[in-house]
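Structural description and commentary
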Amino acid sequence: MGGSASQLPRDLLGEYQALTFLTKQEILLAHKRFSELLSKEERESILQKRVPKSKILTLPELRANPFQDRICRVFSTSEDGDGSMSFEDFLDMLSVFSDSATSEIKSHYAFRIFDFDDDGTLDEKDLEKLVNCLTGEGDETRLSESEMNQLIQNILEEADIDKDGTINLSEFQHVISRSPDFASSFKIVL
């Protein structure tokens, strides 16, 4: 095996494979990509290091993603909320975005990513931010206030089963279950 395999102990490789939806090859590639974000000195203790969000966002797979900041925030275990990632955070992210992850897992994390205020529901403000991320916030692409209000009302009408004005995880997963393309489009491939 190459240099990155010798830096990742075999027992850890097996443990990571058991705890994620990733193959050994995908874990080794993730290890290589993560180590490339560290300085040569830091690579010796890769499992104890955190990569700043700014470096994580240099990955081509995240650079163009409109939810890049939320993805880092949701998967980061940093206690100071800076979006930095440990190798295990990085693996968790790649596992959820892998083809092998279940729709239930993917929809759970999509919900967390779209829940901008982290209150456990998608309210009108979350939905507006979600739409703005998808359409862009430039003058040419931004929806008018009336278009935005109409779209949010349509989303709530379709998804808010209990009619409380918000979408909870269960309601979100119900909507996602009727979207056959969701699982295949919610992915990152290294």
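Data block above holds the structure.
For the structure given in this document, a descriptive report is provided here. Within each chain, residues carry numbers counting from 1 in the order of the written sequence. Only residues with pLDDT of 70 or above have their local features reported here, since the model is predicted, and side-chain atom pairs are shown and tallied only from 80 upward, although totals for entire chains, interfaces and linings are computed over all residues. In computing side-chain values, all of the structure's heavy atoms are included and hydrogens and water are not.

Observations regarding the side chain of Asp89
The cut-off we apply is this: Strands here are runs of E lasting at least two residues and helices are runs of H or I lasting at least four, both read from the DSSP assignment and numbered beginning at the N terminus. Polar contact is the term for a pair of N or O atoms within 3.5 Å; when the atoms are in protein, one must be able to donate a hydrogen and the other to accept it, and sequence-neighboring residues count only if both atoms are side-chain atoms. For this analysis, residues touch if any pair of their heavy atoms sits within 4.5 Å.
As for its position among the elements, Asp89 is in helix H7 (residues 87-96). In this structure the side chain of Asp89 is engaged in a polar contact, spanning 3.0 Å, whose partner is the side chain of Arg50. Within polar-contact distance, the side chain of Asp89 engages the backbone nitrogen of Ser86 at 3.0 Å. Not counting residues within four places of it along the chain, the set of residues in contact with Asp89 comprises Arg50, Phe75, Ser76, Thr77 and Ser84.

Observations concerning helix H3 (residues 24-35)
Rules: How far a helix is expected to stretch is found by multiplying one less than its residue total by 1.5 Å. Relative accessibility decides the category of a residue: with a 1.4 Å probe and only protein chains considered, values under 20% of the type maximum give buried, values over 50% give exposed, and everything between is partly exposed.
Spanning 12 residues, H3 covers 16 Å between terminal C-alpha atoms, matching the ideal 16 Å at 1.5 Å per step. Every buried residue of H3 is accounted for by Ile27, Leu28, Ala30, His31, Arg33, Phe34 and Ser35.

Structural notes on the pattern of salt bridges
For side chains bearing opposite charge, pairing can occur when the charged atoms are close. As a reminder, the rule being used: Salt bridge criterion: a side-chain nitrogen from Lys or Arg within 4 Å of a carboxyl oxygen from Asp or Glu.
Counted under the stated rule, the structure contains eight salt bridges. Residues Lys32 and Glu36 are paired through a salt bridge, measuring 2.7 Å at the closest nitrogen-oxygen approach. Among the residues examined, Glu36 registers a relative accessible area of 41% and is labelled partly exposed. In this structure, Asp118 and Arg70 form a salt bridge, with 2.9 Å as the shortest nitrogen-oxygen distance. Here the residue Asp118 occupies a position in the loop between helix H8 (103-114) and helix H9 (124-135), and Arg70 occupies one in helix H6 (residues 68-75), the gap between them amounting to 48 residues. Of the residues examined, Arg70 reaches a relative accessible area of 7% and is grouped as buried.

What to know about unusual backbone geometry
For Asp118, which is not glycine, the phi torsion reads 55° and is therefore positive. Since its relative accessible area comes to 45%, Asp118 is described here as partly exposed. A positive phi angle is found at Lys163, which is not glycine, with a value near 55°. You can see Lys163 is positioned in the loop between helix H10 (145-159) and helix H11 (169-177).

Some details on the packing of aromatic side chains
Short version of the rule: Ring geometry is summarised as follows: Phe, Tyr and Trp rings, the Trp one being its six-membered ring, pair when their centres sit within 6.5 Å, and such pairs are stacked at plane angles under 30 degrees, edge-to-face over 60 and tilted between the two.
With the rule as written, the count across this model stands at 10 aromatic pairs. Where Phe67 meets Phe114, the ring centres are 5.1 Å apart and the plane angle is 55°; that geometry is what we call tilted. Here Phe67 is found in the loop between helix H5 (60-63) and H6, whereas its partner Phe114 is found in helix H8, with 47 residues between them in sequence. Phe67 sits in the buried class, given a relative accessible area of 9%. Exposure remark for Phe114: the relative accessible area of 14% places this residue in the buried category.

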